[in-house]
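# Report on the structure
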Amino acid sequence: MMRQDGFTVVVPATTANLGPGFDSIGLALALYMKVTITVSETWRVIYDDSEFNSLPNGADNLIVVTIQQVASRVGRQVCALQLYVKSDIPLGKGLGSSAAAVACGIEIANHILQLELSSKEKITIGSEMEGHIDNIAAAIVGGATISYYGNKEIEVIHLPKPSVGIVILLPPQLLPTDVSRALLPDKLSHTASVQGSAASNVLSAAIVLNDWETVGRMMEKDILHEEYRKHLFPNFEDIRKECKVLGGLGMTISGAGPSLCLIVKGGTEKKFAKQLALKFPYYEGIAVQPSMSGTIISNIKKTASSLPFELSE
Ligand code: HSE
């Protein structure tokens, strides 16, 4: 049984799809959620920012639900914990806030119960909880991920050092993923599917080659979801045009929205974020770089007087 005074789990934000890589491709972003875990009498989740007040703060919080699910998969139990959360990941804005919560819960359970789960096992659990693999794979391992998830099988190609600048255009309103997914058609024609698959193939190969100019062009060739969602994004086409005028590489929806994701040459993201936010003031411009780190544990403190995290039988 492990005895510890507390530890911190750090998880990156993620942008999913990059256009045609729908439900498959993810990119970790250097915006982080940091959760400090200590033993408590009851489950308590404390957010340091009022933006997160709408989230459950007890056993029904997604991080806690995930910890409990991972524990019950292996027939074990974790004692009540207090989670103190500081997060730079905007909630419900297409930057992987729910995947970050799930990745965090998996890491906490893995650490406390000393499960020694591999990255692939963590991603499998996370994908089953999320229903798709794109954000969770990148949140767990960092960098860029190109993944397959079907019939409980997964494959993940991990590119640990993507080298590009990112601008996120963040609108004021939220867009729940299920609402955005409800806009998608049930079926696509064979011809359209072939075209979508080709766009995704070239996009993937370009990510592997760190060829972000080609990524930028292919990001704008999606046929699987953009057309059905883009009416929700004020100035969508104008922003895409402006991205080119300013010398950017490409623009797409970040995950299921409501944010937009632009890729630009590394080092130019701050300038782009400022210029785009001035021109399209509906959005806040966030300049960010890819995160090379995925979900990690930091700050482990052990003391002689600390309490056990795992409940004994
Ligand atoms: N791939 C998902 C979608 C977003 O576009 O609906 C993942 O959060």
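A brief look at the structure comes next. Here the residue numbering is sequential within each chain, running from 1 through the sequence in written order. A pLDDT threshold of at least 70 governs which residues receive local features in this predicted model, and a stricter bar of 80 or more applies before side-chain atom pairs are shown or counted, although totals over entire chains, interfaces and linings include all residues. Only hydrogens and water are set aside; all other atoms, that is, all heavy atoms of the structure, feed into the side-chain values.

## Points about the pairing of strand S8 (residues 165-170)
Here is the rule: Think of it in three bands: with a 1.4 Å probe and only protein chains considered, a residue is buried below 20% of the maximum accessible area for its type, exposed above 50%, and partly exposed in between. Elements are defined by DSSP. Helices are runs of H or I of four residues or more, strands are runs of E of two residues or more, and each kind is numbered from the N terminus. When DSSP finds two or more bridges between two strands, those strands count as paired.
Within S8, six of the six residues are buried, which leaves it mostly tucked inside the rest of the structure. Here S8 shows no split at all, with Gly 165, Val 167 and Leu 169 on one side and Ile 166, Ile 168 and Leu 170 on the other all buried. Inspection of the sheet shows S8 paired to strand S10 (residues 260-264) by five bridges, in the antiparallel sense. Counterpart to Leu 169 in the pairing with S10 is Leu 260.

## Remarks on the packing of aromatic side chains
Rules: Any two rings among Phe, Tyr and Trp, with Trp reduced to its six-membered ring, count as a pair given centres within 6.5 Å; such a pair is stacked if its planes are under 30 degrees apart, edge-to-face if over 60, and tilted if neither.
Following the criterion strictly, the structure yields three aromatic pairs and no others. Aromatic side chains Tyr 47 and Phe 52 sit 5.3 Å apart centroid to centroid with 15 degrees between the ring planes, which places their arrangement in the stacked category. In this structure Tyr 47 comes out as buried when scored by relative accessible area, which is 17%. Classification of Phe 52 by relative accessible area gives buried; the value is 4%. Between Phe 233 and Phe 236 the ring centres are 6.0 Å apart and the planes differ by 65 degrees, which places this aromatic pair in the edge-to-face class. Phe 236 matches Phe 233 in its accessibility class, with the two residues each being buried.

## Details of the side chain of Asp 222
For clarity, the cut-off: Definition of a polar contact: a pair of N or O atoms within 3.5 Å, with one able to donate and the other able to accept a hydrogen when the atoms are protein atoms, and with sequence-neighbouring residues admitted only if both atoms are side-chain atoms. Note on definitions: a residue-residue contact is assigned when non-hydrogen atoms from the two residues lie within 4.5 Å.
Along the polypeptide, Asp 222 turns up in the loop between helix H7 (212-219) and helix H8 (226-229). There is a polar contact of 2.9 Å between the side chain of Asp 222 and the backbone nitrogen of Leu 224. Here the side chain of Asp 222 touches His 225 through a polar contact of 2.9 Å, landing on its backbone nitrogen. Those residues within four positions of Asp 222 in sequence are excluded, and the remaining contacts are Gly 19 and Pro 20.

## Examining the sheet that holds S10
The test is simple: Simply put, an axis is a line fit to the C-alpha atoms, just over the touching stretch for a helix, and the angle between two N-to-C directions goes from 0 to 180 degrees.
An order of S9-S10-S8-S11 is seen for the four strands of this open sheet, with the pairing classed as antiparallel. Looking at the sheet topology across the chains shown, the edges are occupied by strand S9 (250-253) and strand S11 (284-288). Taken pair by pair, the neighbouring strands of this sheet meet at an average axis angle of 20 degrees, ignoring direction. Strand direction decides the pairing type here: S8 and S11, joined by five bridges, are antiparallel. Across the sheet, Ile 166 pairs through a bridge with Val 288, a residue of S11. Relative to the sheet, helix H9 (residues 236-245) contacts S8, S9 and S10, its axis offset from that of S9 by approximately 155 degrees.

## Let's talk about the site of the ligand
Which entries qualify depends on this criterion: Here, proximity means that at least one heavy atom of the residue falls within 4 Å of the molecule or strand. For the area figures, the Shrake-Rupley method with a 1.4 Å probe applies, and any residue is considered shielded solely by the protein chains shown.
Taken together, Asn 17, Phe 22, Asp 23, His 132, Asp 134, Asn 135, Arg 181, Arg 229, Gly 255 and Ala 256 make up all the residues around the ligand. Measuring from a nitrogen atom of the ligand, one finds a side-chain N or O atom of Asp 134 at 2.6 Å. A distance of 2.8 Å separates an oxygen atom of the ligand from a polar side-chain atom of Arg 229. When the free accessible area of the ligand is taken as 260 Å², the share hidden by the protein chains comes to 95%.

## A closer look at the environment of Ala 199
Relative to the helices and strands, Ala 199 is located in helix H6 (residues 190-208). Residue classification places Ala 199 among the buried residues on the basis of a relative accessible area of 4%. Considering only alpha carbons, one finds Ala 199 and Met 219, 20 residues apart in sequence, at a separation of 8.1 Å. When residues no more than four places from it in sequence are discounted, the contact partners of Ala 199 are Pro 20, Met 218 and Lys 221.

Take it as geometry only, folks, not as evidence of what the structure does.
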